[in-house]
Structure formats: C-alpha cells, structure tokens
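Secondary and tertiary structure notes
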Amino acid sequence: MGMRVTFWGVRGSIPCPGPTTVRYGGNTACLELRFDPDDRLVIIDAGSGIRELGESLLKRDLPRGPIRTRIFLSHTHWDHIMGFPFFTPIFIPGTEIEVYGPVSYEEDTLEEIVGGQLRYRYFPVRLEELQAKLEYFQLKEGQKDLGAGLTVTTKYLNHPILVLGYRFEYQGRVFCTAYDHESFRNVFDVQPDQPGYDPEAVREGELAAKEENEKVARFFQGADLLVHDTQYTAKEYQKKKGWGHSTFEWAINAAHKAGVKHLVLFHHDPLRTDAELAALERAYRKAMEGKTSLRISVAREGTTLEV
Ligand SMILES: [Zn+2]
Ligand SMILES: [Zn+2]
C-alpha cells in the first residue's frame, strides 16, 4: 500500500459555505496524508477544513492511543492556518504535534504566527492552556527524512510571502503540492512604447522567469499526484497578476510537461460555484482529450485518493 490523500478543505482565501459550494466544499486548505506502516498521519495545512479532520481523528485514531502527527504548512496566510484553534486534538492531553512551515520574517516565529491566534483578543483559550505537546520547526528549501520510509522535499514557490511546495515520496510513489503559487513572470515586462523600456532587461527577465518555472516543473516531475493552485482562469488572471495564484491552463500545461499522472485542481476561488467547477472540469478534460495521458480532477472535500 502506498499513500492515501483525503481532502478536508479545498478553497482559497476564506471559507465559503452555502448552497453554491455544497458539492465541492467551502472549507479552506487542509489535506490528510496517510501511509503505512500503521496508518501514519501527516497533515498539510490548517485551514478551516482541519476542524472536521480533528473530529474524524477523535473517532478513528484516539481509541487506538494518543494522536501523534506532523502538520506541514505551505505558508502562514490566514486561510492556511485559521482552523488551528479549532483542531480539537490540541485540547487533549497526550496529543503530540510537530508543526513545520516557512517563515517570511525571521523575527516572527512559527509558534507566534500560528499559536498567536490563541489569545484572548481572538479566542477564549490561550496557547499556554493547551493540553497537547506542540513543537514548531521553521522550514527552508531542502529534504527531510520523516521515518518509516517517508521523505519530504521542499521548494519555494512564487507568492507574496514565502511558500513551500511539498514533495512526499514513499515506496517509489510521489505526492506533490504546489500552492499558493503563481507562475513566475517577467518582472521587467515593459512594452517598447513605455518609458523605461530596456530590451536587455526584458530578455533577462524572461530568461529568469523561464528558469524558475523549469525548477518548479522539475520539483513535481513524474508525480503520481499533484495538488496545484488553480484559483483563476486565464481570462480572470489578466486582472489578478501578482496576486500569487495560478491559472487552470498553466497548471495543466506544467503538469503535462512534467509527466504528472494525476493533477488535482485546488485552492478554488471563493466565488467559484459548484456548477462552474463542474463545467471547468468538463471543459479542460475535453480540451486535453487525446493530447495527454494526464488525469485531471477538481479537488472535492471528503474524497480520498490513492497515490
Ligand atoms: Zn491560500
Ligand atoms: Zn497565500
């Protein structure tokens, strides 16, 4: 048996429950990764979806003994950490949690950023009152052996703050995350009729963006499962440049080129309705028919994928 990935939160920016998000879900990012031996648990991101994951752990894991897990944060934007105070295992004695993630400003520790949500001004319980044993580890680009045959490689992505993509490998199988991430762009993209146009700078900018995008593609090369940011369509993106999110088109092309087997479209815009997501999935599958062996799915809460 390899890895199993369950989706507990699939949205970006803010939870958006309601009649138009019932099918795909309205919680922000949270993934559960299970691998053998003994059904070990890794959590990726602590968006609002982690609340329901916590409830499931109480039923499924707690009867077998104290909950022990590692939480890997892609980054510390609020939609990726807001569920942490509502993750019930932190209130249970015996729980042990290691929290890993990147930190953009060295003077802010992960404990202050994540745990700082547990203060009286925001929440009725303070961090000091938690029953669980919590440890925090700042991550940079690199590789880590997580024991029992699982390794993780991290890669910086393109976003307004530091973000890490994760590449988990277990028994030759690869599961990758690439969000929140905007395809690298030419930062010197000045048109010839604009003041400040410098052809040399434009060329260099193009080259630098291409190289960075190739590095990201190498990072998810050959992945069995890739969960990728697709907050915008190419058309919507025209007004969202620099916001730190990808388009469906970019994710699909990059995954195809990198020989990814299954691409899961993720970090849905809060405005995106169920009907729109279903239509986009149909349209992109049809457009790619016969052109690629890449499987394309829209991330949906409550589903589990075998990797
Ligand atoms: Zn986000
Ligand atoms: Zn973000």
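Below, the structure is looked at part by part.

Definitions and cut-offs
Residues numbered from 1 in each chain as written. Chains lettered and ligands numbered in written order. Predicted model: local features only at pLDDT ≥ 70, side-chain atom pairs only at ≥ 80, totals over all residues. Heavy atoms only, no water. Helix = DSSP H or I, 4+ residues; strand = E, 2+ residues; numbered from the N terminus. Rg over C-alpha atoms; globule rule 2.2 N^0.38 Å. Buried < 20%, exposed > 50% of the residue type's maximum accessible area, 1.4 Å probe, protein only. Contact = heavy atoms within 4.5 Å. Areas by Shrake-Rupley, 256 points an atom, 1.4 Å probe, with all protein chains shown as cover. Lys, Arg positive; Asp, Glu negative; His and termini not counted. Charge placed at Lys NZ, Arg CZ, Asp CG, Glu CD. Donors = N, O, S within 2.8 Å, 3.2 Å for Na, K, Ca; no water. Tetrahedral: all angles 85-135°; square planar, octahedral: opposite > 155°, others 65-115°. Pairing = 2+ DSSP bridges. Axes fitted to C-alpha atoms, helices over the stretch in contact; angles between N-to-C directions. Core = buried A, V, L, I, M, F, W, Y, C linked by side-chain atoms within 4.5 Å. Salt bridge = Lys/Arg side-chain N within 4 Å of Asp/Glu carboxyl O.

Looking now at the overall build of the chain. For the chain, the count of helices and strands is six helices and 14 strands. Against the compact-globule benchmark of 19 Å for 307 residues, the chain has a radius of gyration of 20 Å, which places it among compact chains. Considering only C-alpha atoms, the chain reaches an extent of 65 × 45 × 40 Å along its principal axes. Considering the chain as a whole, with its 307 residues, one finds that 54% of them fall into the buried category. Sequence separation of at least 24 residues holds for 68% of the intrachain contacts in the chain that already meet a minimum separation of 6. Accessible surface, the chain as shown: approximately 14400 Å² in total, 53% of it carbon and sulfur. Between the averaged position of the 38 positive side-chain charges in the chain and that of its 44 negative side-chain charges there is a distance of 5 Å.

This part takes up the coordination of the zinc ion (ligand 2). For the zinc ion (ligand 2), the protein coordination sphere consists of His75 (NE2), His77 (ND1), His159 (NE2) and Asp180 (OD), at 2.2 to 2.4 Å. Note that the zinc ion (ligand 2) binds four donor atoms; their angles at the metal cover 89 to 169°, and the shape is irregular. For the zinc ion (ligand 2), all donor residues lie on one chain, and their spacing in sequence is H-x1-H-x81-H-x20-D. Between the two metals, the zinc ion (ligand 2) and the zinc ion (ligand 1), the spacing is 3.5 Å, and Asp180 donates to both. Of this pair, His159 sits in the loop between β8 (150-156) and β9 (164-170) while Asp180 is found in the loop between β10 (173-178) and α3 (199-219), placing the two residues 21 residues apart along the sequence. On the basis of relative accessibility, which here comes to 11%, the residue His159 falls in the buried class. A relative accessible area of 2% places Asp180 in the buried class.

Within the open sheet, the seven strands sit side by side as β7-β8-β9-β10-β11-β12-β13. Their pairing is mixed. Of all the strands in the sheet, the pair left with one neighbour each is β7 (142-145) and β13 (295-298). Each adjacent strand pair in this sheet contributes to an overall mean axis angle of 15°, direction not counted. Taken together, the four bridges between strand β12 (residues 262-266) and β13 define a ladder with parallel strand orientation. For Val264, the partnering residue across the bridge sits in β13 and is Ser297.

Looking now at the sheet that holds strand β4 (residues 68-72). Ordered in space as β6-β5-β4-β3-β2-β1-β14, the seven strands form an open sheet in which the pairing is mixed. The open sheet has two free edges, formed respectively by β6 (133-138) and β14 (304-306), since each of these has just one partner strand. On average, adjacent strands in this sheet sit at an angle of 20° to one another, irrespective of strand direction. In terms of strand pairing, strand β3 (residues 40-44) meets β4 through three bridges, oriented parallel.

Once that is clear, we can look at the coordination of the zinc ion (ligand 1). Distances from the zinc ion (ligand 1) to its protein donors, namely Asp79 (OD), His80 (NE2), Asp180 (OD) and His267 (NE2), fall within the range 2.1 to 2.2 Å. For the zinc ion (ligand 1), the four donor atoms in the first shell make angles of 93 to 161° at the metal, a pattern classed as irregular. Donor residues binding the zinc ion (ligand 1) come from one chain and are separated in sequence as D-H-x99-D-x86-H. Among the residues examined, His267 registers a relative accessible area of 0% and is labelled buried.

Moving on, we come to the nonpolar core. If you look at the biggest cluster of nonpolar residues, it comprises 30 residues, and the most contacted ones within it are Phe220, Leu226, Ile252, Val260, Leu263 and Leu294. For this core, the secondary structure elements donating two or more residues are β10, α3, α5 (248-257), β12, α6 (274-288) and β13. If we ignore the near neighbours within four places in the chain, the residues touching Leu294 are Ile252, Ala255, His256, Val260, Lys261, His262 and Leu263. By size, the runner-up hydrophobic cluster in this structure holds 29 residues, among which are Met3, Phe7, Phe175 and Leu305.

As a further point, take the pattern of salt bridges. The tally for this structure, following the rule as stated, stands at 26 salt bridges. In this structure, Glu200 engages Arg203 in a salt bridge whose closest nitrogen and oxygen atoms are separated by 2.7 Å. With a gap of three residues between them, Glu200 and Arg203 both fall in helix α3, about one helical turn apart. For Glu200, a relative accessible area of 38% translates into the label partly exposed. Taken together, the salt bridges that share partners define one network made up of Arg4, Glu32, Arg34, Asp36, Asp39, Arg60, Asp61 and Arg64.

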